Amino acid sequence: MPIPQSVRASTAVAQQQAYRGTLPVCSFERLLPSLADDAGELGIELQAGKAQGRVMLQGTIGGTLTLRCLRCEQAYAWPVDVQVDLRLVDSEEEEQAVLHEADPYLVQDDQLLLREIVEDELLLALPMLPRCETCENIVRAGAVEASPETQASTEGDARGKENPFAALKGRLGKQS
Ligand SMILES: [Zn+2]
């Protein structure tokens, strides 16, 4: 069953409807500005249901998106693994009540806009600073080199004969 554009919320919940299918990446118009390539498709599974007095829509979105690395500007594959866990509410009071357990989704006109929900979840999941694996490693290595911890140990080596325990004691003393 393909993912419908929208379904009746009341029917979906009463029948505990499940939706499983794929959507082409190029169909997510709001996502496109963040992508380096709109080829491919994403796999989507959604399930409407009710548990412990809450009405929910849960599922997963999986696949690959092509992002552009901020650092080297190369396109790279970003694996998508989004867990959807929404509480369906129909008032602002109810929205406030579920905030502590999951993201609320305000149902209007008894419509569940499935594709819009999927796109919202993807937009939220996108990395703020997209970096390819190579650049991510370089940035992380740079952060380690610049840390004061490493500088301190190089200093210790340069001093040569100094007793390592004395040096440690001195450092601990400075900290306290
Ligand atoms: Zn890069």
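Residues numbered from 1 in each chain as written. Predicted model: local features only at pLDDT ≥ 70, side-chain atom pairs only at ≥ 80, totals over all residues. Heavy atoms only, no water.

(A) Structural context of the coordination of the zinc ion. Cys69 (SG), Cys72 (SG), Cys132 (SG) and Cys135 (SG) make up the full set of protein donors to the zinc ion, lying at 2.3 Å. The coordination sphere of the zinc ion comprises four donor atoms, whose angles at the metal cover 102 to 116°; the geometry is tetrahedral. Positions of the donor residues of the zinc ion, expressed as sequence spacing, correspond to C-x2-C-x59-C-x2-C. Here Cys69 is found in the loop between strand 4 (54-68) and strand 5 (75-89), whereas its partner Cys135 is found in helix 4 (residues 133-145), with 66 residues between them in sequence. (Donors = N, O, S within 2.8 Å, 3.2 Å for Na, K, Ca; no water. Tetrahedral: all angles 85-135°; square planar, octahedral: opposite > 155°, others 65-115°. Helix = DSSP H or I, 4+ residues; strand = E, 2+ residues; numbered from the N terminus.)

(B) Broad picture of unusual backbone geometry. With a phi angle near 45°, Gln16 is a residue other than glycine that sits in the positive phi range. Relative to the assigned elements, Gln16 resides in the loop between helix 1 (9-14) and strand 2 (18-24). Judged by its relative accessible area of 46%, Gln16 is partly exposed. (Buried < 20%, exposed > 50% of the residue type's maximum accessible area, 1.4 Å probe, protein only.)

(C) A look at the environment of Thr66. By the secondary structure assignment, Thr66 is in strand 4. Once the C-alpha coordinates of Thr66 and Ala39 are considered, the two residues, 27 residues apart in sequence, prove to be 8.2 Å apart. Excluding residues that lie within four positions of it along the chain, Thr66 makes contacts with Leu35, Ala36, Asp37, Ala75 and Tyr76. (Contact = heavy atoms within 4.5 Å.)

(D) Structural context of the nonpolar core. Ranked by size, the top nonpolar core spans 37 residues in total, and within it Ile61, Leu65, Leu112 and Leu122 carry the most contacts. If you list the elements that add at least two residues to this core, you get helix 1, strand 2, strand 3 (41-51), strand 4, strand 5 and helix 3 (114-125). Beyond its immediate sequence surroundings of up to four residues, Ile61 is in contact with Leu42, Gly43, Ile44, Val80, Asp81, Val82, Val84, Val118, Glu121 and Leu122. (Core = buried A, V, L, I, M, F, W, Y, C linked by side-chain atoms within 4.5 Å.)

(E) Layout of the sheet that holds strand 3. Reading across the sheet, the five strands line up as 2-3-4-5-6 and stay open at both edges, with mixed pairing between neighbours. Two strands bound the open sheet, and with one partner strand each, they are strand 2 and strand 6 (103-106). Averaged over all neighbouring strand pairs, the angle between strand axes comes to 30°, with direction disregarded. Pairing of strand 5 with strand 6 involves four bridges; the strand directions are parallel. Residue pairing across strands places Leu88 opposite Tyr105, the latter belonging to strand 6. Strands strand 2, strand 3, strand 4, strand 5 and strand 6 of the sheet are contacted by helix 3, whose axis makes an angle of about 125° with strand 5. (Pairing = 2+ DSSP bridges. Axes fitted to C-alpha atoms, helices over the stretch in contact; angles between N-to-C directions.)

Note that all results are geometric; they support no functional claim without further evidence.
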